[in-house]
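Survey of secondary and tertiary structure
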Amino acid sequence: MLESTHRGQHDPGALQHQFAQRGGPHTVPLTPPCDDGDHPTPEQTEGPYFKPDSPQRTSLLEPGLPGTRLTLTGYVFGRACLPVTGALLDFWQADTNGAYDNTGFRLRGHQYTDSRGSFALTTIVPGLYPGRTRHIHVKAQAPGRPVLTTQLYFPNEPRNNTDSIFDARLLMTVRDGNGGREAAFDLVLDVPQDPGPGPTPTGTPPSDGTWAAGTAYRAGDRVTYAGRGYVCLQAHTAQPGWEPPTVPALWRAA
């Protein structure tokens with residue numbers, strides 16, 4: 001069962017989602033910095049429409065459901081910037097007309113992060129309703145830890161400026177793609193972690209060196225992978241599955 005939320009202070013910072021975008025860099029921090037002693041992603045009100053016991057599923061699409069397809073991907077980290085495996089994520093949202101299903105479970109579902117701490121949700125772009133901008137609700141809970149209840153927002157929405165709940169730190173990165181829209185957001189939970197000693201860094205990898213698992217990278221390091229250049233966003237030790245194109249929280253296209 002989901003437990004009560006834990007409130008923490010938050011400082012915007014360096015951990016930002018970066019698609020290999022066509023449109024230039026973001027100027028608004030999209031999620032908290034991820035380093036030792038980090039603060040969790042900001043919490044927000046649950047609102048009146050949460051329902052427990054949603055079905056476990058990664059797609060909220062149903063036959064005949066209108067709306068623009070949206071794919072949301074991201075990672076769940078703890079306070080030492082390590083992935084959280086098996087974190088529970090419970091999503092719910094309005095339909096394209098701004099209505100919630102309060103009798104059934106349309107556009108409601110939960111899932112768990114995989115061994116890399118990643119998740120993927122297929123849904124639709126939520127509609128608008130009086131007083132609110134577009135948003136997706138989520139509860140996130142690491143095993144045996146408090147729940148983070150928050151909301152995720154879309155950039156460049158006119159109502160972002162008039163919604164009293166809106167928080168720019170909770171903006172997703174969103175772009176058009178695959179016949180709909182693609183979004184990304186990483187969550188940082190209040191989970192103490194010991195990063196351990198890890199491999200001893202042998203110095204800054206040479207500029208434009210080839211990405212390699214087991215290498216200790218630092219923020220600002222540059223690598224190439226599959227013929228493309230990337231810049232490291234935060235210190236970490238590379239491991240299989242964290243290749244630059246698949247982990248926008250750690251690398252951005254140069």
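Residues numbered from 1 in each chain as written. Predicted model: local features only at pLDDT ≥ 70, side-chain atom pairs only at ≥ 80, totals over all residues. Heavy atoms only, no water.

1. A closer look at the confidence of the model for the protein
Per-residue confidence for the protein averages 81 on the pLDDT scale, and 79% of its residues sit at or above 70. The low-confidence segment residues 198–207, where pLDDT is below 50, has 13 contacts with residues more than four positions distant or belonging to other chains. (pLDDT = per-residue confidence, 0-100. Contact = heavy atoms within 4.5 Å.)

2. Details of the sheet that holds strand E5 (residues 135–141)
The strands making up a sheet associate through backbone hydrogen bonding, with each pair oriented either parallel or antiparallel. The strand order E3-E2-E5-E6 describes an open sheet built from four strands, whose pairing is antiparallel. Each edge of the sheet is formed by a strand with only one pairing partner; in this case those strands are strand E3 (108–112) and strand E6 (147–153). Taking the axes of each pair of neighbouring strands and ignoring which way they run, one obtains an average angle of 20° across the sheet. Strand direction decides the pairing type here: E5 and E6, joined by seven bridges, are antiparallel. Looking across to E6, one finds that Ile136 is bridged to Leu152. (Pairing = 2+ DSSP bridges. Helix = DSSP H or I, 4+ residues; strand = E, 2+ residues; numbered from the N terminus. Axes fitted to C-alpha atoms, helices over the stretch in contact; angles between N-to-C directions.)

3. Some details on the sheet that holds strand E12 (residues 222–225)
The sheet built from four strands is open, its strands ordered E10-E12-E13-E15 with mixed pairing. Edge positions in the sheet fall to strand E10 (209–210) and strand E15 (251–253), since each has one partner strand and no second. Bridging between E10 and E12 involves two bridges; their strand directions are parallel. Each residue of the ladder has a partner; that of Thr210, found in E12, is Thr224.

4. So, the packing of aromatic side chains
The final tally for this structure, using the stated rule, is eight aromatic pairs. Note on Tyr75 and Phe77: the rings are 6.2 Å apart at their centroids and 20° apart in plane angle, and the pair reads as stacked. Using a relative accessible area of 6% as the deciding quantity, one classes Tyr75 as buried. Here Phe77 falls in the buried class, since its relative accessible area comes to 1%. (Phe/Tyr/Trp six-rings, centres within 6.5 Å; stacked < 30°, edge-to-face > 60°. Buried < 20%, exposed > 50% of the residue type's maximum accessible area, 1.4 Å probe, protein only.)

5. Some points on the environment of Gly131
If you trace the backbone, Gly131 turns up in the loop between strand E4 (118–124) and E5. Taking relative accessible area as the criterion, Gly131 reaches 59% and is therefore assigned exposed. Spatially, the C-alpha atoms of Gly131 and Asp163 are 6.3 Å apart, while their sequence positions differ by 32 residues. Ignoring anything within four residues of it in the chain, the contact list for Gly131 reads Arg159 and Asp163.

6. Topic: the state of the cysteines
On inspection of all chains with the given rule, the structure shows zero disulfides. With no disulfide partner, Cys232 has as its closest neighbouring cysteine sulfur the one in Cys81, 9.5 Å distant. We classify Cys232 as buried; its relative accessible area is 3%. (Disulfide = S-S within 2.5 Å.)

7. Some details on the environment of Asp221
Locating Asp221 in the fold gives a position in the loop between strand E11 (216–217) and E12. Sequence separation between Asp221 and Leu233 is twelve residues; the distance between their C-alpha atoms is 8.2 Å. In terms of polar contacts, Asp221 uses its side chain to reach the backbone amide nitrogen of Arg218, at 2.6 Å. (Polar contact = N/O pair within 3.5 Å; in protein donor to acceptor, adjacent residues only side chain to side chain.)

8. Looking at the side chain of Thr123
In this fold, Thr123 is placed in strand E4. Within the local environment of Thr123, its side chain forms a polar contact with the side chain of Gln93, the two groups lying 2.8 Å apart. Sequence-distant contacts of Thr123, that is, excluding residues within four places in its chain, are made with Leu60, Leu61, Thr68, Arg69, Leu70, Gln93 and Leu107.

9. Thoughts on the nonpolar core
Looking at soluble globular proteins, one finds that nonpolar side chains tend to be buried together. Counting residues in each nonpolar core, the largest one holds 31 residues, and the members touching the most others are Leu72, Val76, Leu89, Phe91 and Met172. At the level of secondary structure, the elements contributing two or more residues to this core comprise strand E1 (69–77), strand E2 (88–92), E4, E5 and E6. Those residues in contact with Met172 that sit more than four places away from it in its chain are Leu72, Leu152, Tyr153, Phe154, Pro155, Ala183, Ala184 and Phe185. (Core = buried A, V, L, I, M, F, W, Y, C linked by side-chain atoms within 4.5 Å.)

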